[in-house]
Amino acid sequence: MRTEALAALCLLLPVAGLAGTLEGEPFLRYRVEHDSNLFRLESEAQAEQLTGDPERGDRLQVLGVGAALQYSWGLQRAFVGAEARRQRYQRNPQLDHSGHELQAGLDWQAGRALDGELRLDQEKRIQSFNEREDRALGFVEERRLEAAARLAVTPRYGFRAQVENRQSRNSLLRSRFSDLDENSLRLEALYTGEPVASAGLALDLAVGRYPARQAGNGVTREYEQIGLNLTSDWRPSGLSRLSGEIGQTFRDNDGGEDDFSGLTGRLAYQRTVSGKTRLTAELFRRVESVEEIDANYVEETGLGLGLNWQAMSKIGLFGRYEWREAAYEGGTASADGGREDRIQQADLKLDWRPLTGFTLTPGLLYEQRDSNRALRSFEDVRLYLDLEARYD
């Protein structure tokens, strides 16, 4: 974490000595949760074989402490935030662990025509059990560094450029095949038609590498992905918004099997029903890298629905449902018709702010995966209660 902390400090060094406003906010978070299927197992029989006990659920507690710091001067803003977490399990104490998260950034503006941002995100968390058949304690450390800039050539025409470096590392030796290094670039030409519409043309480039993976049997170690997309954002009225992008994506697996060439995109609709209620709907098709050792990428097609209801000034209800179909391609994942999953996820939570700086959030998370591969199907329900206190 020391390297990331130094990088975050470097983002803030240019603001030293400048007259501005400094704001700080320490916070404390606590969560108690019941997870009905901690290891994402298919059946009680599989649980008994793996753990010696048919019970698949567990209760866990998470305590987090952190702080956020922001410095603003003129049109510029720099910020840094950090959180340390401790997670404990009732029935599986061998999984007790500590994690952390660090965020830092700089929002800058040079006159009216040029602005941009820098972002650094770093996190250490427990490795998900969704793609595992063991119950060992393993960690994933992810780091993401992003820079973006926008240039307004005229009031209606402009350009945007974004570069990103992403790195992921697994602590378990048997999970190192999922380690990933990826660099990406997005270039976009934009047109803004006042006051309700914009359109653009975007070029996406990504180059990735699995440093610990051995190429062979149709599985690649490196890949390149290119996308050319039309983008749009249209607001026909003050109550509705239609946005999205659609285009062609090409993925070259550098000697591996099943290169991809096809239509991808996203279409989102947002409707404000009243001053308190907003509904959203989304359709998507995307191509992404995977954690599977015997696949090169996953092609996902699905839909999402969302609800945001601000019942009162201190009470809000938020819901999200997503269904998607995932087809794994390349290597042995393509054999015998290929691995195909159908996944449903739902998230429902209630935010209540009885006092200034204090939030109480009960919630429910549901996930169900139906796979044609053995031991990859599961159903899981998580009930939780979050308590958060902030001092401003």
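Residues numbered from 1 in each chain as written. Predicted model: local features only at pLDDT ≥ 70, side-chain atom pairs only at ≥ 80, totals over all residues. Heavy atoms only, no water.

Peer 1: Describe in detail the overall build of the protein, supporting the description with residues and values.
Peer 2: Within the protein, the regular secondary structure consists of 2 helices and 18 strands. Relative to its length of 392 residues, the protein is compact, with a C-alpha radius of gyration of 23 Å against a globular reference of 21 Å. Across its three principal directions, the C-alpha atoms of the protein cover 65 × 50 × 45 Å. Per-residue burial for the protein yields a buried fraction of 38% across its 392 residues. Pairs at least 24 apart in sequence give 55% of the contacts found in the protein among residues at least 6 apart. Put simply, the protein shows about 21,100 Å² of open surface, and 56% of that area lies on carbon and sulfur atoms. Charge centroids of the protein, computed over 51 positive and 63 negative side chains, lie 5 Å from each other. (Helix = DSSP H or I, 4+ residues; strand = E, 2+ residues; numbered from the N terminus. Rg over C-alpha atoms; globule rule 2.2 N^0.38 Å. Buried < 20%, exposed > 50% of the residue type's maximum accessible area, 1.4 Å probe, protein only. Contact = heavy atoms within 4.5 Å. Areas by Shrake-Rupley, 256 points an atom, 1.4 Å probe, with all protein chains shown as cover. Lys, Arg positive; Asp, Glu negative; His and termini not counted. Charge placed at Lys NZ, Arg CZ, Asp CG, Glu CD.)

Peer 1: Kindly report on the side chain of S371, identifying the contributing residues and their values.
Peer 2: By the element assignment, S371 lies in strand β17 (residues 358-371). On the basis of relative accessible area, S371 is assigned to the buried category, the value being 12%. A distance of 2.6 Å separates the side chain of S371 from the side chain of D341, its partner in a polar contact. Excluding its chain neighbours within four sequence positions, the residues that come into contact with S371 are R339, E340, D341, R376 and S377. (Polar contact = N/O pair within 3.5 Å; in protein donor to acceptor, adjacent residues only side chain to side chain.)

Peer 1: Outline the pairing of strand β9 (residues 197-209), supporting the account with residue identities and numerical values.
Peer 2: In terms of strand pairing, strand β8 (residues 180-193) meets β9 through 13 bridges, oriented antiparallel. Bridging from a neighbouring strand, Y191 pairs with A199 of β9. (Pairing = 2+ DSSP bridges.)

Peer 1: Mind laying out the packing of aromatic side chains, listing which residues take part and the relevant values?
Peer 2: The final tally for this structure, using the stated rule, is 5 aromatic pairs. Plain terms: the ring middles of Y71 and W73 are 5.7 Å apart, the flat faces sit at 35° to each other, and that makes the pair tilted. Assigned by exposure class, Y71 and W73 land together as buried. Arranged with centres 6.0 Å apart and planes meeting at 70°, the rings of F260 and Y297 form a pair that is edge-to-face. On the criterion of sequence distance, the pair formed by F260 in strand β12 (residues 260-272) and Y297 in strand β14 (residues 297-312) is long-range, its members being 37 residues apart. (Phe/Tyr/Trp six-rings, centres within 6.5 Å; stacked < 30°, edge-to-face > 60°.)

Peer 1: I'd like a rundown of the pairing of strand β15 (residues 315-329), residues and numbers included.
Peer 2: When β14 meets β15, the two strands line up antiparallel, connected through 14 bridges. In the sheet register, E299 faces β15, and the bridge partner there is A327. Connecting β14 to the next strand, β15, in antiparallel fashion are 2 residues. When β15 meets strand β16 (residues 340-355), the two strands line up antiparallel, connected through 13 bridges. In the strand pairing of β16, W323 is matched with Q344.

Peer 1: Residues and numbers for the confidence of the model for the protein, please.
Peer 2: When pLDDT is averaged along the protein, the result is 91; 93% of the residues meet or exceed 70. Note on residues 1-7: pLDDT under 50 across the span, and 8 contacts to partners over four residues away in sequence or across chains. (pLDDT = per-residue confidence, 0-100.)

Peer 1: Quick rundown of the layout of surface pockets? Include the residues and the values.
Peer 2: The computed volume of the second largest pocket comes to approximately 410 Å³. Lining the second largest pocket are 28 residues, with E188, L190, T192, S198 and A199 positioned closest to its centre. Elements supplying a minimum of two residues to the lining of the second largest pocket: β5 (114-126), β6 (139-152), β7 (157-170), β8, β9, β10 (222-237) and β11 (240-252). When the residues that make up the lining of the second largest pocket are grouped by side-chain class, the tally is 9 nonpolar, 9 polar and 10 charged. (1 Å grid on protein atoms, 1.4 Å probe; cavity = no way out; pocket = protein on both sides within 12 Å on 5 of 7 lines; lining within 4 Å. Points joined across faces, edges and corners; volume = space filled by probe spheres on them. Nonpolar A, V, L, I, M, F, W, Y, C, P; charged D, E, K, R; others polar.)

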